[in-house]
Amino acid sequence: QLGLPTCSFKRITGLPCASCGMSTSFALAVRGDFLHSLQANWVGTLFALFGMAYVPWALISAVRGRWLWFHSIERIVLGVVIGFVSLLFFRWGLVLLMIWLGGGPA
């Protein structure tokens with residue numbers, strides 16, 4: 001726990017929201033604690049890993065004065081955003097299914 005207030009969605013509904021655990025997962029991943037990061041929210045782990053790969057790519061692109069490997073960044077950004085949102089809702093569906101089946105924490 002990072003000392004953040006309880007998720008409002010979870011407090012009101014008793015169910016975790018789609019992004020519950022993301023902040024904790026991200027914080028753990030950037031500190032190298034991948035096991036606990038995956039347990040908190042595996043999409044947050046992927047997001048942190050993406051961010052770790054993005055920083056050197058962005059620096060190299062800045063030094064070169066053009067995007068590395070891509071001509072236009074708009075489609076890439078759109079794809080990444082849609083991909084992460086899709087994964088987030090897919091994971092949320094799995095969590096809610098596990099709760100509904102009685103196999104997961106609320």
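Look a little higher up for the structure.
Residues numbered from 1 in each chain as written. Predicted model: local features only at pLDDT ≥ 70, side-chain atom pairs only at ≥ 80, totals over all residues. Heavy atoms only, no water.

A.B. asks: Explain helix α4 (residues 42-64) here, please?
C.D. replies: Within an α-helix, residues lying three or four positions from one another point in the same direction, as the helix has 3.6 residues per turn. Between its first and last C-alpha, α4 extends 33 Å over 23 residues, near the 33 Å set by a 1.5 Å rise per residue. The residue sitting at the N-terminus of α4 and contributing the capping side-chain oxygen is Asn41; that oxygen lies 3.0 Å from the backbone nitrogen of Val43. Of the residues trailing α4, Gly65 is marked for its positive phi of about 80°. (Helix = DSSP H or I, 4+ residues; strand = E, 2+ residues; numbered from the N terminus. Expected span 1.5 Å × (residues − 1). Polar contact = N/O pair within 3.5 Å; in protein donor to acceptor, adjacent residues only side chain to side chain.)

A.B. asks: Even after reading the chapter, I still don't get the packing of aromatic side chains, so can you show me in this structure?
C.D. replies: Any aromatic ring pair is given by two values, namely how distant the centres are and how the planes are angled relative to each other. In this structure the tally under the stated criterion is seven aromatic pairs. Considering the side-chain rings of Phe50 and Tyr54, the 6.4 Å spacing of their centres and the 20° angle between planes classify their relative orientation as stacked. Residue Phe50 and its partner Tyr54 are both found in helix α4; the two are separated by four residues, about one turn of the helix. Among the residues examined, Tyr54 registers a relative accessible area of 42% and is labelled partly exposed. Taking 5.9 Å as the distance between ring centres and 55° as the angle between the ring planes, the aromatic pair formed by Phe89 and Trp92 counts as tilted. Taken together, the residues span about one helical turn, with Phe89 and Trp92 both in helix α5 (residues 74-101) at a distance of three residues. We classify Phe89 as partly exposed; its relative accessible area is 47%. Put simply, the rings of Phe26, Phe47, Phe50, Tyr54, Trp57 and Phe84 pair up and form one aromatic cluster. (Phe/Tyr/Trp six-rings, centres within 6.5 Å; stacked < 30°, edge-to-face > 60°. Buried < 20%, exposed > 50% of the residue type's maximum accessible area, 1.4 Å probe, protein only.)

A.B. asks: When you look at the side chain of Ser37 in this model, what are you seeing that I'm missing?
C.D. replies: Checked against the element boundaries, Ser37 lands in helix α3 (residues 34-40). Ignoring any residue separated from it by four or fewer positions in sequence, one finds Ser37 in contact with Ser25, Leu28, Ala29, Trp42 and Thr45. (Contact = heavy atoms within 4.5 Å.)

Coordinates in, geometry out; function isn't part of it.
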